[in-house]
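# Close look at the chain arrangement
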Amino acid sequence: MTAPLRLGTRGSALALAQSQLTADALTAATGRPVELVRIVTAGDRSAAPVAQLGVGVFVSALRDALLAREIDFAVHSYKDLPTGAHPGLHIAAVPPREDPRDVLISSGDRGLAELPPGATIGTGAVRRIAQLLALGLELQVTPIRGNVDSRIARVHGPEANLDAVVLARAGVARLGRAAEITETLDPMLMLPAPAQGALAVECRADSDLVELLAALDHAPSRAAVVAERAMLATLEAGCSAPVAAYAEFAEGENGDEIYLRGAVISPDGTRAIRLSRTGTPADAAEIGKALAADLLENGADTLMGSKE
């Protein structure tokens, strides 16, 4: 019998769910069995805010295990990856992306506009905090850490102490808790993080799995992520900076087009620069770079603070 491929994953419920979906898809597509190998990352061991821990805190241990040949491939939340390419490693596939939008889960089934002034709303992302403050709703925004289940428990659990939380829809859906979503937030109000909702399937560049794993690749999802992350990389902003991007596909006169929206928001929400660019999927990276240049030309670097 063929030995199972070893898929490295973080041990959180969401990471395991994402990795199991990927394992099942690979087995269905290729017939190869897959076993999950849990890896503890620095981000899992610390309760400090992600902005303090730095870029790559959730992926470095997985990459170390890959390079040490302790695992055959790894699955990451794409938005956790540093923007620079890793020598010796290869993103072999970007599976079909989940809905990248953010969602609100609140007590009393109240939408964002229905929360009263002074309502407490929790989120761990500088990007979300900045955009919530920019809405001018007089909400008390509280930085929080923890997994999806623990964050929802702060609204609906027996020891609930928040009126609402904002989370990525993809994570809530992958854990089977989409029914608890109060409101899916319009990107006009809350633009997602670059690559939110997307997974990255990574292996060693010299691995004989490169071609096998490519069976999981979804070209539109990859193109959208490439555009968003090219913008992020050109801005030289880390994953904890108040930067947002969302690439959508639209029908153009000559076929599919990418419509990329990007924003940089000051941490206190008082200033924001929001611009967009369009182009073909083949030019995804160039669209992202051009949009970043437009944002910088309009003063985006003054809003991001210290760079990663």
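All values reported here derive from a predicted model rather than from experimental measurement.

Below, the discussion takes up a negative patch on the surface. Together, Glu251, Glu253, Asp256 and Glu257 give the surface a local cluster of negative charge. By the element assignment, Asp256 lies in strand 12 (residues 255-265).

This next bit is on the environment of Ile105. Along the polypeptide, Ile105 turns up in strand 5 (residues 102-106). Placed 88 residues apart in sequence, Ile105 and Ala193 show a C-alpha to C-alpha distance of 18 Å. Those residues in contact with Ile105, other than ones at most four positions away along the chain, are Ile152, Val155, His156, Asp163, Ala164, Val165, Leu167, Val172, Glu180, Ile181 and Thr182.

Here we take up the sheet that holds strand 9 (residues 183-184). Strand order in the open sheet formed by five strands is 7-6-8-5-9, with mixed pairing between adjacent strands. Looking along the sheet, the strands with just one partner apiece sit at the ends: strand 7 (140-143) and strand 9. One ladder, built from four bridges, connects strand 6 (residues 120-123) with strand 7; its direction is parallel. The partner of Thr120 across the bridge, within strand 7, is Gln140. Helix 6 (residues 148-156) contacts strand 5, strand 6 and strand 8 (164-168) of the sheet and is inclined by roughly 155° relative to strand 8.

Turning next to the nonpolar core. Ranked by internal contacts, the top residues of the largest apolar core, which has 22 residues, are Met231, Leu235, Val243, Ile258, Leu260, Val264 and Leu295. At the level of elements, helix 9 (219-235), strand 11 (243-252), strand 12 and helix 10 (284-297) are the ones that each hand at least two residues to this core. Membership of the second largest hydrophobic core comes to 15 residues, among which are Phe73, Val75, Ala93 and Leu213.

Turning our attention to unusual backbone geometry. The phi dihedral of Arg69 falls on the positive side, at around 60°, and the residue is not glycine. Positionally, Arg69 belongs in the loop between helix 4 (60-67) and strand 3 (73-77). Look at Arg69 and you get partly exposed, because its relative accessible area is 48%. Of note, the phi angle at Ala195 is positive, near 75°, even though the residue is not glycine. In this fold, Ala195 is placed in the loop between strand 9 and strand 10 (199-204). Owing to a relative accessible area of 0%, Ala195 belongs among the buried residues under this scheme.

Among the structural elements, Ala282 can be located in the loop between strand 13 (272-279) and helix 10. A residue is classified by how much of its surface remains accessible, and Ala282, at 76% relative accessible area, is exposed. With 175 residues separating them in the primary sequence, Ala282 and Ser107 have C-alpha atoms 44 Å apart.

Once that is clear, we can look at the side chain of Gln131. Take Gln131: it is sitting in helix 5 (residues 126-134). On the basis of relative accessibility, which here comes to 0%, the residue Gln131 falls in the buried class. Setting aside its immediate chain neighbours within four residues, Gln131 contacts Leu189, Met190, Leu191, Ala244, Ile265 and Arg274.

Another aspect to go through is the sheet that holds strand 12. Strands sit in the order 11-12-13 across an open sheet of three strands; the sheet is antiparallel. Where the open sheet ends on each side, the last strands, each with one partner, are strand 11 and strand 13. Taking each pair of neighbouring strands and ignoring which way they run, the sheet shows an average axis angle of 15°. Bridge count for strand 11 against strand 12 is ten bridges, and the pairing is antiparallel. Along strand 12, the bridge assignment pairs Ala250 with Glu257. Those strands touched by helix 5 are strand 11, strand 12 and strand 13, and its axis lies near 85° from that of strand 11. Sitting on the sheet, helix 9 touches strand 11 and strand 12, and the angle it makes with strand 11 is about 140°.

Rules used throughout
- Residues numbered from 1 in each chain as written.
- Predicted model: local features only at pLDDT ≥ 70, side-chain atom pairs only at ≥ 80, totals over all residues.
- Heavy atoms only, no water.
- Patch = residues over 30% accessible without salt bridge, like charges linked within 9 Å, V, L, I, M, F, W, Y side chains within 5 Å.
- Areas by Shrake-Rupley, 256 points an atom, 1.4 Å probe, with all protein chains shown as cover.
- Salt bridge = Lys/Arg side-chain N within 4 Å of Asp/Glu carboxyl O.
- Lys, Arg positive; Asp, Glu negative; His and termini not counted.
- Charge placed at Lys NZ, Arg CZ, Asp CG, Glu CD.
- Helix = DSSP H or I, 4+ residues; strand = E, 2+ residues; numbered from the N terminus.
- Contact = heavy atoms within 4.5 Å.
- Pairing = 2+ DSSP bridges.
- Axes fitted to C-alpha atoms, helices over the stretch in contact; angles between N-to-C directions.
- Core = buried A, V, L, I, M, F, W, Y, C linked by side-chain atoms within 4.5 Å.
- Buried < 20%, exposed > 50% of the residue type's maximum accessible area, 1.4 Å probe, protein only.

Don't take any of this as a statement about function, it's just geometry.
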